[in-house]
Amino acid sequence: MDRRRFLFGAAPVGLATLVSAGCARGTATQSHSYAPTYFRPPEWEFVLAAVSRLIPADGPGPGAIEAGVPEFIDRQMELPYGHGSYFYLKGPFHPESPVTLGYQLRYTPREIYRLGIEAANAAARASHGMEFARLEAARQDEFLESLQKGQLVLPTVPAPGLFGQLLENTKEGYFSDPIHGGNRDMVAWNWIGFPGARADFTDWIDQPGVKYPYAPVSIGGPRT
Amino acid sequence: MTSPRRLKSVDAVIIGYGWTGAILAKTLTDAGLSVVALERGPARDTSPDFEFPRIADELKHAIRGDLWQPLANETVTIRHGLNDVAVPYRKYGSFVLGNGVGGAGVHWNGQLWRASPEDLSLRSRIEQRYGKKFIPPEMTIQDYPVTFGELEPHFDHFEKVCGVSGTAGNLRGQIKPGGNPFEGPRSDEFPTPPLPGIFSAQLFEKATAELGYKSFPTPAANSSIAYTNPYGVRLGPCNLCGFCERFGCFLYSKASPQTTILPILNGRSNLEVRTNSYVTRILLDNTGKTATGVLYVDDSGREVEQPASLVVLSAFQMHNVRLLLLSKIGAPYDPASGKGVVGKNYAYQMCAETAAYFSEDVEINPFIGAGAAGQRVIDEFNSDHFDHSQLGFIGGSLIYAGATGGRPIDQMMVPPGTPSWGAGWKAAIRKHYRHSAPLGTQGSVMSYQDRYLSLDPTYTDGHGLPLLRMTFDWHANEYKMAAYSASKMEEIVRAMKPDKQATILMRPGNPYDVRIYQSTHTTGGAIMGTNPSNSVINRYSQSWDVPNLFVYGASAFPQNIGYNPTGLLAGLAYFSADKLRGAYLKSPGPLISS
């Protein structure tokens, strides 16, 4: 029972009322300066804009920008993960296989972003006359939804492949230990009540149902 | 082409240095043999590899899987049916493969179960109780050639090696309160007492009691106290740290080869462990009936021949089968004719899950947990513990409550209908994270004529050798079994009175989905049986075809069980080790005439 959780909450997004319908232009900027290593300027603008819609600053709780998610993603691209070293990437490739047989594209995560963002921006220019990052927030949400559902057809990376990569890395950056560059100041852990790397509940085993009182700690941070 | 470097012969070579490799290394070096253990992955030990705080890194270990077998150089290919094209398992999902010293025994959950007595004589039992026609013709289940009574002393010993925490339910035939009344008679108590249940397990305990079920603490290879095992190795108490399965244990609490057996083997002059050594073939003499050693690629990429008088194949289930096929030992299974045995009877497990979402005044504290300790389970609907006559299926499931750490990337639970991103998702994770509990079923999968393992015709590993190909999908029996188990689980969850609950269940029409983690309990392909026409190995895990080859692990299971496999495969290894030392080493040759 090496149980990983099944995909609760993985239902496709369909309800426009659940996302901000504000008319404000998407105004994603990093809250502190970070110069990306992998992403080129137009790609970086796309990443900033996209993650700020996937986990928006709207309402209570930290958004992806505040949590440093873009920095996390950029740093991951420079690691063996970004280069696809964790995956079997030998051909032949059968992307037409049933989805239940898993990832069958030839691309590394770096390639998914490089090819996918270029194609997505081209699609945005064609349909909206401007790149994704320049769209209003509500239009950005619609665009992301069309990527997710595969309503948009991209010439290289399948749109759901780009979206899935983005969403997966965004949640990784939001929830992982701050040593990886995201979850800055443990904002996401504080938001949900996860104590991070405390890893010691000896004195809490016999207090079932009582709220755990200690703030999170991180691998590289102070332990109080 | 350069020929392989040929080394000096040794008495025994071990392929794979995980649980069964360590068990056999101890047995054979105790007997005075010179032993070389070849491990495909790196050396690993509690210090420095599992040290706190760096081990408490969900991304590194539970998502990227830095302790797992890197798939880039070798994976398996998978197809659903006999006429489909198999494609590579390119990213981890459905199951996780071990790598390095300790193997998957490093990052397992530590749920240490014995099989039920009836699991070991399944075909006979079903035929006697329900009639021969109850077993569908395509179902190729068979009895183990060994009984619970024969294995019991070895189950008991392995529990003591691991410092397992639990409560006995059947002590020498006497049913004991608080334990599992369905377990086979045990000769002794568990070596350490259970840890208290985590909160969701306490809610489960109350609900199951109301429904008349007898819940008990999950038998956990997470020691609950400071403990010294029979080899003199010390384990420490588990603190429910929440970084257990998928991680190495920094507390010396979770049993692994490193925390139980290897400390007494390290430094033995008649044992040499060579890491980063990838075995590509078991070598045979010109009769094809005697193994002469193994061929492997060493850590500098050179091909090396290690001659040996005895070969122990103790890699992970899939790798055992692949090496037999690559070495042309035994007849490969042919699903069309049903003939041949290597690769036959691949099986898996079928699981379901119900999430219970409580109101915000119910503090579940999901981050408190371990791979096994603190969890609670019922065994009423597993194995043949219940009457199947009106149900139309064979097998069953454990039903359990058990959070293992509430790690947020991988284990976040939000109710169905929650958007997967955006402001709605962000609000939902806060609302539900601290107040949700997972329950699960873990069910058996039977073996079938059209489910098997073979070499892939197309895809190769980093050395150009064929990958293993898995042909697998669910059969009707398993859909029915899982639906029945899930209905019982849902009833229990209702009695726990959450605000809402939701179940994930594979239903007819849902094919095997490799993207979703389900179970690493893959079994079969080198199964044990009574004769060479129905099996690869005999009751002592000895190859029928090559008697100086012994094969260990869940590859021996003729069909799968609803329990976790490590207790059974370790019991089979110790049972074999006794016979190896007591009989085989004195007079090498077939232990059972075929």
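Residues numbered from 1 in each chain as written. Chains lettered and ligands numbered in written order. Predicted model: local features only at pLDDT ≥ 70, side-chain atom pairs only at ≥ 80, totals over all residues.

Trainee: Help me out: how do you make sense of the overall build of chain B in this one?
Mentor: Along the backbone of chain B there are 14 helices and 22 strands. Dimensions of chain B, computed from C-alpha atoms along their principal axes, come out at roughly 70 × 55 × 55 Å. Contacts spanning at least 24 positions in sequence make up 75% of the contacts within chain B whose residues lie at least 6 apart. (Helix = DSSP H or I, 4+ residues; strand = E, 2+ residues; numbered from the N terminus. Contact = placed C-beta atoms within 7 Å.)

Trainee: How should I be thinking about the pairing of strand β12 (residues 278-284) of chain B in this particular structure?
Mentor: Residues and elements named next belong to chain B. Sheet analysis places β12 next to strand β13 (residues 291-297), joined by 6 bridges and oriented antiparallel. Note on β13: the bridge partner recorded for Y278 is V297. The antiparallel pairing of β12 with β13 creates a hairpin that spans 6 residues between the two strands, and G288 there sits at a positive phi of about 75°. (Pairing = 2+ DSSP bridges.)

Trainee: Quick question: what am I supposed to make of the packing of helix α1 (residues 41-54) of chain A against helix α3 (residues 109-128) of chain A here?
Mentor: When two helices pack together, their arrangement is captured by the angle between the axes and the distance separating the axes. Residue and element names in this part refer to chain A. The contact between α1 and α3 brings their axes to 10 Å, and the two run at 80°. Viewed along their axes, α1 and α3 adopt a mutual orientation that is roughly perpendicular. Facing P42, E43 and F46 of α1, the residues of α3 in contact are Y113, I117, A120 and N121. (Axes fitted to C-alpha atoms, helices over the stretch in contact; angles between N-to-C directions. Parallel < 35°, antiparallel > 145°, perpendicular 65-115°, else oblique.)

Trainee: Sorry, what's going on with the sheet that holds strand β21 (residues 500-504) of chain B here?
Mentor: Across a sheet, paired strands are connected by hydrogen bonds in the backbone, their directions being either parallel or antiparallel. Residue and element names in this part refer to chain B. Spatially, the 6 strands line up as an open sheet ordered β8-β16-β17-β18-β15-β21, and their pairing is antiparallel. The outermost strands of the open sheet, each flanked by one partner alone, are β8 (216-217) and β21. The sheet strands contacting helix α13 (residues 476-495) are β15 (350-357), β17 (397-401), β18 (436-443) and β21, and the helix crosses β15 at an angle near 20°.

Trainee: Honestly, the confidence of the model for chain A in this entry has me stumped. Any pointers?
Mentor: Detailed conclusions should not be drawn from predicted coordinates in areas where pLDDT is low. Taken over all residues, the pLDDT of chain A has a mean of 88, while the share at 70 or more is 85%. Confidence over residues 1-25 of chain A falls short of pLDDT 50; this stretch has 66 contacts with residues more than four positions distant or in other chains. (pLDDT = per-residue confidence, 0-100.)

Trainee: How should the interface of chain B and chain A be read in this particular structure?
Mentor: Bring the parts together and some accessible area is lost; that lost area is often taken as the interface size. Counting residues at the interface gives 82 residues for chain B and 66 residues for chain A. If one sorts the elements of the side of chain B that touches chain A by residue count, helix α12 (residues 423-432) of chain B sits on top with 6 residues. For the side of chain B that touches chain A, the per-class residue count stands at 45 nonpolar, 21 polar and 16 charged. (Nonpolar A, V, L, I, M, F, W, Y, C, P; charged D, E, K, R; others polar.)

Trainee: Could you clarify how one ought to interpret unusual backbone geometry in this entry?
Mentor: Glycine aside, a negative phi is what most residues show, and trans is what most peptide bonds show. With an omega of 0°, the peptide bond between A:G91 and A:P92 qualifies as cis. With respect to the element layout, A:P92 can be found in the loop between α2 (69-77) and α3. With an omega of 0°, the peptide bond between B:F52 and B:P53 qualifies as cis. Locating B:P53 in the fold gives a position in the loop between α2 (46-49) and α3 (58-63). Phi at A:M186 is positive, roughly 60°, even though this residue is not glycine. Residue placement: A:M186 occurs in the loop between α5 (159-175) and α6 (187-192). The exposure class assigned to A:M186 is buried, which follows from the 21 C-beta atoms found within 10 Å. (Buried ≥ 20, exposed ≤ 12 C-beta atoms within 10 Å, placed from the backbone.)

Trainee: I'm lost on the pairing of β15(B) in this one. Help?
Mentor: On a regular strand, one side chain projects to one face of the sheet and the next to the other, so that they alternate. All names here are of chain B. Most of β15 is tucked away: 8 of the 8 residues are buried. Residues M350, A352, T354 and A356 line one face of β15 and the alternating positions C351, E353, A355 and Y357 line the opposite face, and both faces are buried. In this sheet, β18 lies alongside β15 in antiparallel orientation, the contact comprising 8 bridges. Across the sheet, M350 pairs through a bridge with G443, a residue of β18. With 5 bridges joining them, β15 and β21 adopt antiparallel strand pairing. Across the sheet, E353 pairs through a bridge with I504, a residue of β21.

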